Structure formats: structure tokens, C-alpha cells
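# Residue-level structural notes
One-letter residues, chain by chain:
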Amino acid sequence: MDKLKGDFLCVDLRELAGDDLEEEVSHICITATPEEHSLINKVLGDFVSDPLSYDLIDMCPEEDMMETAEVCGRLREELYG
């Protein structure tokens, strides 16, 4: 991952998803102020720590929520260390 570049963060999704990702473009960048980055970090942390407390549980199985939380945790770690 390229981490913070000015006001934006970049991450290579292949680092998170592995070689299963078949997209030509695998990098995403998040443009945000330092305050917004802080909020994104906090919200991802909250979701990772208790994914089943979100109303999304009505739309997908518990197992999927836990897998999503794992991916969000890896993304948070890549973005914010």
C-alpha cells in the first residue's frame, strides 16, 4: 500500500483480497481531510469490533457480516496502521 499521499490514502485491493481479485484496476484512493480520515478510521473500528450490532444483519447472514468485518479490519489496518 502507498499509505497517505497528501490528503488521500491509497490501497491495493489485491493485498486485501489476494490474487482472486480479477479487476484490471486494483488500487483505490480515498480523498479526505485529516478529520474525515479520523472519522473513517473510527467508524471502521466500531464496525469491526461489533458488526452484528448494525441493522445490516437483516439483509445478510451472520457469517457474511463476520467476513465483511474481517475485510474491513484488514482495510483499516492497511489505511491507518
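For the rest of this paragraph, the subject is helix 3 (residues 62-80). With 19 residues, helix 3 should reach 27 Å at 1.5 Å per residue; the first-to-last C-alpha distance of 26 Å fits that figure. Within the sequence span of helix 3, burial applies to Met-65, Ala-69, Cys-72, Leu-75 and Leu-79. The buried side chains of helix 3 occupy one side of the element, clustering within an arc of 125° when seen end-on. Among the exposed residues of helix 3, those pointing more than 90 degrees away from its buried face are Glu-63 and Glu-70. Where helix 3 terminates, the next one or two residues include Gly-81, which has phi positive at roughly 65°.

Core analysis: the largest hydrophobic core is formed by 5 residues, namely Leu-44, Phe-47, Met-65, Ala-69 and Cys-72. Where this core is concerned, the elements lending two or more residues are helix 2 (34-49) and helix 3. If we skip the residues at most four places from it in the chain, Ala-69 touches Phe-47, Val-48 and Pro-51.

Attention shifts here to helix 2. Over its 16 residues, helix 2 runs 23 Å from end to end, which matches the ideal 22 Å to within 8%, given 1.5 Å per residue. Within helix 2 the residues assigned to the buried category are His-37, Leu-44, Gly-45 and Phe-47. Angularly, the buried residues of helix 2 cover 165° about the axis, an arc narrow enough to put them on a single face. Exposed positions of helix 2 whose direction lies more than 90 degrees from the buried face are Glu-35, Leu-39 and Ser-49.

A word on the state of the cysteines. If you walk through the whole model with that rule in mind, you get 1 disulfide. Across the disulfide from Cys-10 sits Cys-29; the S-S distance is 2.3 Å. Since a negative S-S torsion denotes a left-handed disulfide, the Cys-10-Cys-29 link at about 95° is right-handed. Of this pair, Cys-10 sits in strand 2 (residues 8-12) while Cys-29 sits in strand 3 (residues 27-31); the two residues are 19 residues apart in sequence, bridging distant segments of the chain. Cys-10 sits in the buried class, given a relative accessible area of 5%. The class of Cys-29 is partly exposed, set by a relative accessible area of 45%.

Each value, and the rule that gives it
Residues numbered from 1 in each chain as written. Predicted model: local features only at pLDDT ≥ 70, side-chain atom pairs only at ≥ 80, totals over all residues. Heavy atoms only, no water. Helix = DSSP H or I, 4+ residues; strand = E, 2+ residues; numbered from the N terminus. Expected span 1.5 Å × (residues − 1). Buried < 20%, exposed > 50% of the residue type's maximum accessible area, 1.4 Å probe, protein only. Arc of directions from axis to C-beta. Core = buried A, V, L, I, M, F, W, Y, C linked by side-chain atoms within 4.5 Å. Contact = heavy atoms within 4.5 Å. Disulfide = S-S within 2.5 Å.

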